[in-house]
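Residue-level listing of the chains:
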Amino acid sequence: MRNLLMKVSYDGTNYNGFQTQPGGNTIQDLLEDAIERLSGERLKITASGRTDAGVHARGQVFNFYTHSKIPVERWCIALNSRLPQDIVVTDAVEVPLEFHSRREAKRKTYRYTINANQFPDLFNRRYQFHHHGKLDIAAMEEGLRYLIGTHDFTTFASRKSTKPSHVRTIYDAWIETDTSMCRPGTRDQGIVHTFVTGSGFLQHMVRIIMGTLMEVGEGKRTPESIATILEAKNRAAAGPTAMGTGLMLWDVEYDLTSLEKDDFC
């Protein structure tokens, strides 16, 4: 028995999220089908977490147990030849049998991308939320800082959340703006990337944060109001849930001290 740890990137546009659902058409379903066609084993993979329908991933991580003797360096190419073009396995490494990709994840980073230019980007529209109006990006940055630290994030969790605790730690949160494609003499503001790194995230948490931050950017709320909204511990106090289009699971970090870092980037 071997325990294999892998990293996968995917465009979530056409899928019902990562985790298997009764309706099918999930990333997990397709990965498990590809593994079965490669190794002959029908098994269940364990992921670092789930992503919702339409949400993307640059660095989703999963592990599974296999009796297959296929060398670890052959798995990525072999699986990719059995997967759709919008799902790509990029890294594979063998880990101790007790390793669990969800329980041992130390930090996760999500990126939410807003196109704040006058017109949507035709070629990146799957990965950006196009905001039609002007945004006060500096105010959004200020509001974001109130979320850093350990808090009860009930306000920013889906009402359907079944987690026993909504306490999470946000280690860092920042905004990067790319103005390279802005047209002179227009109201273009660029592509606004918001990164949030935490110990873990609740259902819809980043999307609700972003929906609220956009209201700050629109002048409907003040940056300081984020602290009051957080303290309310009431979903009704926050803004709308931002569309999944702009959200991407950017990175999942582990303590892989027993492994070669270069084997699992």
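Higher on the page you've got the structure.
Residues numbered from 1 in each chain as written. Predicted model: local features only at pLDDT ≥ 70, side-chain atom pairs only at ≥ 80, totals over all residues. Heavy atoms only, no water.

Caption draft 1: Here's a closer look at the packing of aromatic side chains. The final tally for this structure, using the stated rule, is eight aromatic pairs. Plain terms: the ring middles of Phe62 and Phe64 are 6.2 Å apart, the flat faces sit at 20° to each other, and that makes the pair stacked. Taking the relative accessible area as the measure of exposure, Phe62 reaches 0% and is therefore buried. An aromatic cluster is built from Phe62, Phe64 and Trp75, whose rings are joined through pairwise contacts. (Phe/Tyr/Trp six-rings, centres within 6.5 Å; stacked < 30°, edge-to-face > 60°. Buried < 20%, exposed > 50% of the residue type's maximum accessible area, 1.4 Å probe, protein only.)

Caption draft 2: Local environment of the side chain of Thr51. Among the structural elements, Thr51 can be located in the loop between strand S2 (46-47) and strand S3 (56-66). Here Thr51 falls in the buried class, since its relative accessible area comes to 3%. A distance of 2.7 Å separates polar atoms of two side chains, one belonging to Thr51 and the other to Tyr10. The residues contacting Thr51, other than those within four sequence positions of it, are Tyr10, Gly17, Phe18, Tyr110 and Leu249. (Helix = DSSP H or I, 4+ residues; strand = E, 2+ residues; numbered from the N terminus. Polar contact = N/O pair within 3.5 Å; in protein donor to acceptor, adjacent residues only side chain to side chain. Contact = heavy atoms within 4.5 Å.)

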